[in-house]
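Examining the three-dimensional arrangement
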Amino acid sequence: MPELNYVGSIPKDKDDVARYCQIDCCNGLSLYKAVSICRYVVVNLATNHCFSIPEPLEAAKQNFAAIVFDPVRSNDYKIVQPCPRIDSPMLDVFSSEFGKWVRHKVPGNWVKHLLVGGSDNPKHRWIKWAKKVVYLDGMLYILILNKKRCLVQFDLKSASLSAQVIEVPSRAGRSGLIGHSKGVLYYTNYDKEYRLCMWQFDDHTATGNIWILKHCICIDDMLDKNQAILHTMKSVNSKPGRLFEPFARSLVLILNDHHNGC
């Protein structure tokens, strides 16, 4: 890991630890933000090292930032913080290679998908994405949790950053889930028949980005064969497809009963 901004071992004092909250992690590195001010700390739990990050160019009002790190390609990491403007959408990116924040103007309509809230005035709206984002092959994928539900893809590989909005294949469930396995991006959600489905993202086709259905689980069939499951649930009258949510971010799915926390 780069020695730049290294501040020592992870503090064991409870008062020091309580001043920070974890907001993201990527391939072994965790990103923490101070509770009271907009200051970031990167933690490597494997080596017990902390790295202090310089103050951002603009303070984030909420915990919307992501850390990207691919140890196969480089020992350097980046912190990405959106700084959306309707007239000039931008990203603030910190690079451990150079040790400073750089503001990038990123054209496109992605900013209107990140801005959510009840006010028509953009200054009174805020950014909302899924807490867990995916960094894969130089691309940062953010699952948006508004009504339209889509992915915003940021290309971080070149000096000139770019972004595009990608529609997800199904919006019937609550929010869905993204994850990756063996270098492939996956999206999981319920379809209109309340079947739990998993799609594989293919962005190398000549016709453009497509989603390929790989797996489909019928919750009704599973419960018909396991009637005992229904007796452990509080809301037995709910639709079975509403009782479970995908929990794991890989090819192996764990169905979480959100009523009992099983």
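What counts and how
- Residues numbered from 1 in each chain as written.
- Predicted model: local features only at pLDDT ≥ 70, side-chain atom pairs only at ≥ 80, totals over all residues.
- Heavy atoms only, no water.
- Helix = DSSP H or I, 4+ residues; strand = E, 2+ residues; numbered from the N terminus.
- Buried < 20%, exposed > 50% of the residue type's maximum accessible area, 1.4 Å probe, protein only.
- Contact = heavy atoms within 4.5 Å.
- Pairing = 2+ DSSP bridges.
- Axes fitted to C-alpha atoms, helices over the stretch in contact; angles between N-to-C directions.
- Disulfide = S-S within 2.5 Å.
- Core = buried A, V, L, I, M, F, W, Y, C linked by side-chain atoms within 4.5 Å.
- Salt bridge = Lys/Arg side-chain N within 4 Å of Asp/Glu carboxyl O.
- Phe/Tyr/Trp six-rings, centres within 6.5 Å; stacked < 30°, edge-to-face > 60°.
- pLDDT = per-residue confidence, 0-100.

**Focus: the overall build of the chain**
Counting its regular elements, the chain contains five helices and 21 strands. The 262 residues of the chain split such that 43% are buried. Counted over contacts in the chain with a minimum sequence separation of 6, partners at least 24 positions apart contribute 42%.

**Comments concerning the sheet that holds strand E15 (residues 162–167)**
Spatial strand order, E12-E13-E14-E15: four strands in an open sheet with antiparallel pairing. Unpaired on one side and paired on the other, strand E12 (134–136) and E15 mark the two borders of the sheet. Within this sheet the neighbouring strands show an average axis-to-axis angle of 20 degrees, counted without direction. Two strands pair when backbone bridges link them, and strand E14 (residues 150–155) and E15 are joined in this way by six bridges, in the antiparallel orientation. Each bridged residue has a counterpart across the sheet, and for Gln 153 the counterpart in E15 is Gln 164.

**Looking at the state of the cysteines**
For the structure shown, the criterion picks out zero disulfides. Its sulfur unpaired, Cys 25 is 7.6 Å from the next cysteine sulfur, which belongs to Cys 26. Accessibility expressed as a relative area gives 33% for Cys 25, which makes it partly exposed.

**Quick look at the pairing of strand E8 (residues 90–95)**
Buried residues dominate E8, accounting for six of its six residues. Summarising the sheet, E8 and strand E9 (residues 100–105) pair through six bridges and their orientation is antiparallel. The residue of E9 that forms the bridge with Asp 92 is Arg 103. Connecting the antiparallel pair E8 and E9 is a turn made up of four residues, with Gly 99 showing a positive phi of about 75 degrees.

**Digging into the nonpolar core**
Grouped together as the largest cluster of nonpolar side chains are 35 residues, with contacts concentrated most on Tyr 40, Val 42, Tyr 77 and Leu 140. Top contributing element to this core by residue count: strand E6 (residues 66–69), with four residues. Of all hydrophobic cores here, the second largest spans 15 residues; its members include Ile 166, Ile 178, Tyr 187 and Phe 201.

**What to know about the pattern of salt bridges**
Within this structure, the stated rule accounts for four salt bridges. Of the charged contacts, one joins Arg 73 and Asp 70 as a salt bridge, the two residues approaching to 3.4 Å between their closest N and O atoms. For Arg 73, a relative accessible area of 61% gives the class exposed. Between Asp 137 and Arg 73 there is a salt bridge, with the nearest N and O atoms lying 2.6 Å from each other. Taken together, the residues span a long stretch of sequence, with Asp 137 in the loop between E12 and strand E13 (139–143) and Arg 73 in the loop between E6 and strand E7 (77–83) at a distance of 64 residues. Ionic contacts of the salt-bridge type, sharing partners, join the residues Asp 70, Arg 73 and Asp 137 into one network.

**Topic: the packing of aromatic side chains**
If you walk through the whole model with that rule in mind, you get nine aromatic pairs. An angle of 75 degrees between the planes, with centres 6.2 Å apart, marks the rings of Tyr 141 and Phe 201 as edge-to-face. Here Tyr 141 is found in strand E13, whereas its partner Phe 201 is found in strand E18 (residues 195–202), with 60 residues between them in sequence. With a relative accessible area of 3%, Tyr 141 lands in the buried category. Its relative accessible area of 6% is what places Phe 201 among the buried residues. One aromatic cluster is present, built from ring pairs that chain together Tyr 40, Phe 51, Tyr 77, Phe 94 and Trp 101.

**Describing the confidence of the model for the chain**
Across the chain, the average pLDDT comes to 75, with 63% of residues at 70 or higher. Mean pLDDT values over the elements of the chain span from 50, in helix H1 (residues 14–18), up to 94, in E6. This model gives residues 257–262 a pLDDT under 50, and the stretch forms 16 contacts once residues within four places in sequence are excluded.

**Here we look at the pairing of strand E3 (residues 29–34)**
Counted residue by residue, E3 has five buried out of six residues, so it is predominantly covered. Of the strand pairs in this sheet, E3 and strand E4 (residues 40–44) are connected by five bridges, and their pairing is antiparallel. Looking across to E4, one finds that Ser 30 is bridged to Val 43. Turn length for the E3-E4 hairpin, with the two strands adjacent in sequence and antiparallel, is five residues.

**Let's talk about the sheet that holds strand E16 (residues 177–181)**
Whether parallel or antiparallel, the strands of a sheet pair through hydrogen bonds between backbone atoms. Taken together, the four strands give an open sheet; going across it, the order is E16-E17-E18-E19, and neighbouring strands pair in antiparallel fashion. Two strands in the sheet have a free side with no partner beyond their single neighbour: E16 and strand E19 (210–218). The sheet shows a mean angle of 25 degrees between the axes of neighbouring strands, taken without regard to direction. By the bridge criterion, five bridges tie strand E17 (residues 184–190) to E18 in an arrangement that is antiparallel. From the neighbouring strand, Tyr 186 faces E18, where its bridge partner is Gln 200.

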